[in-house]
Amino acid sequence: SDDGKLSFDEFKAYFADGVLSGEELRELFHTIDTQNTDNLDTEELCEYFSQHLGEYENVLSVLEDLNITILKAMDKTKKDYQEASNLEQFVTRFLLKETLNQLQSLQSSLECAMETTEEQTRQERQGPTKPEVLSVQWPGKRSARKLQKNSLLPNSPHFNTGWTEEDSQWMTQINRLQKLIDRLEKKDLKLEPFEEEVLEENAKSHIMIVQRQMSVIEEEIEEFRLALKQYVESASSQGGCLHVSIQKFPSDSRFIIYEFWENSNAWNRHLQMNYSKTFQRSNVDFLETPELITTMLVP
């Protein structure tokens, strides 16, 4: 409520992560509330988290310095770019692309780490305690989407290394996901009661599904298509790539790429490949706004 302190309801709304129960959040709240005022102020929060920073003390310190450095560089770029020569402008664009690629690589690693730790925590926690149920606010309107039917069959070129039982298990999970997405397309959707699924002990690591949304400059569409074609051909030939598909919105110049990878490690290796970096760099000139990347790990 912008009064300089947090009530328990405000604390729970911000810190609940879907894992800790309401009772555990209440216990944590009172642990931090050393002054026993039933409200948390900035000093109490800082004192609590400062005791648990560990290696992240250096990480957060570097990020603070990085944020200041980038803002200074952006301010100077804004002032000098228009008056710079064509060659100087080219160098500036290249440096911006490379900076963005490095930051995206770091973000991808952090997202994978968060997903992995959250999943491990949920698997380890057993018993009658129910986690807090959170309402997730998506960062923007979800685009209508339909995955191609039967696009991941055993005779697909992306499975030319040999059809195994493990591949069959992947296919079963992916086809179930396709059906779920199709159901979510319907406006009259009514969610079914939760059904527990028991995984086999030899279940492999999670499949990484990536959605990349790109709004392309009208004048650059043909050049973008050529770069996209080269990117998809290179990505599809990678050992860890299960499938890549593309959708183009007829009403505007928006493209969506769906990528299926064997696991998060395969996706991270793919990001470090030269063809992937080349595509990301070219997109700085082709796209109206930075691309939106959404990832999801599926058992």
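- The name an unreviewed UniProt entry gives the chain is NECA1 protein, with Rissa tridactyla as the organism.

1. A look at the nonpolar core
- By size, the foremost hydrophobic cluster in this structure holds 24 residues, and its most contacted members are F224, L228, Y231, W261 and F279.
- Elements that contribute at least two residues to this core include exactly β3 (207-215), α7 (221-236), β4 (241-248), β5 (254-261), α8 (264-272) and α9 (274-286).
- Top element by residues in this core is α7. It accounts for seven residues.
- With sequence-adjacent residues up to four places away left out, Y231 is seen in contact with R212, E259, H270, Y275, S276 and F279.

2. Concerning the sheet that holds β4
- Taken together, the four strands give an open sheet; going across it, the order is β4-β5-β3-β6, and neighbouring strands pair in antiparallel fashion. Here the strands that pair on one side only, and so sit at the sheet edges, are β4 and β6 (292-298). The sheet shows a mean angle of 15° between the axes of neighbouring strands, taken without regard to direction.
- Strand direction decides the pairing type here: β3 and β6, joined by seven bridges, are antiparallel. Looking across to β6, one finds that Q211 is bridged to T294.
- Seen against the sheet, α8 touches β3, β5 and β6 and runs at an angle of roughly 125° to β5.

3. Observations regarding the UniProt feature "domain: EF-hand" (unreviewed entry) in the chain
- Mapped onto this numbering, the UniProt entry gives "domain: EF-hand" (unreviewed entry) at residues 20-55.
- Helix makes up 56% of residues 20-55 and strand 6%. Its end C-alpha atoms lie 23 Å apart.

4. Thoughts on the packing of aromatic side chains
- Taken as a whole and assessed by the stated rule, the structure comprises twelve aromatic pairs.
- A network of ring pairs unites the aromatic residues F8, F11, Y14, F15, F29, Y48 and F49 as a single cluster.
- Looking at R254, its charged tip hangs above the ring of F249, at a distance of 4.1 Å from the centre.

5. With respect to the pairing of β3
- Counted residue by residue, β3 has eight buried out of nine residues, so it is predominantly covered.
- As defined by bridge partners, β3 adjoins β5 across eight bridges and the pair is classed as antiparallel. Bridge pairing in β5 links M214 to F255.

6. Structural notes on the layout of surface pockets
- Reported here for the second largest pocket is a volume of approximately 910 Å³.
- The set of elements that each furnish at least two residues to the lining of the second largest pocket consists of α2 (22-32), α3 (42-50), α4 (56-80) and α5 (86-124).
- Residue contributions to the lining of the second largest pocket peak at six residues, all from α5.
- By residue class, the composition of the lining of the second largest pocket is 13 nonpolar, three polar and two charged.
- Residue assignment places the lining of the second largest pocket across two domains, with domain 1 (5-51) and domain 2 (55-112) each supplying three or more.

7. Remarks on unusual backbone geometry
- You will see that N36, though not glycine, has its phi angle at about 55°, which is positive.
- A relative accessible area of 66% means that N36 is categorised as exposed.
- Its identity is not glycine, yet D38 carries a phi of approximately 65°, on the positive side.
- Under the relative-accessibility criterion, D38 is labelled partly exposed at 44%.

Calculation notes
- Residues numbered from 1 in each chain as written.
- Predicted model: local features only at pLDDT ≥ 70, side-chain atom pairs only at ≥ 80, totals over all residues.
- Heavy atoms only, no water.
- Core = buried A, V, L, I, M, F, W, Y, C linked by side-chain atoms within 4.5 Å.
- Buried < 20%, exposed > 50% of the residue type's maximum accessible area, 1.4 Å probe, protein only.
- Helix = DSSP H or I, 4+ residues; strand = E, 2+ residues; numbered from the N terminus.
- Contact = heavy atoms within 4.5 Å.
- Pairing = 2+ DSSP bridges.
- Axes fitted to C-alpha atoms, helices over the stretch in contact; angles between N-to-C directions.
- UniProt positions renumbered as here; feature names shortened; annotations may be inferred.
- Phe/Tyr/Trp six-rings, centres within 6.5 Å; stacked < 30°, edge-to-face > 60°.
- Lys NZ or Arg CZ within 6 Å of the ring centre and 35° of its normal.
- 1 Å grid on protein atoms, 1.4 Å probe; cavity = no way out; pocket = protein on both sides within 12 Å on 5 of 7 lines; lining within 4 Å.
- Points joined across faces, edges and corners; volume = space filled by probe spheres on them.
- Nonpolar A, V, L, I, M, F, W, Y, C, P; charged D, E, K, R; others polar.
- Domains from an automatic or database assignment.

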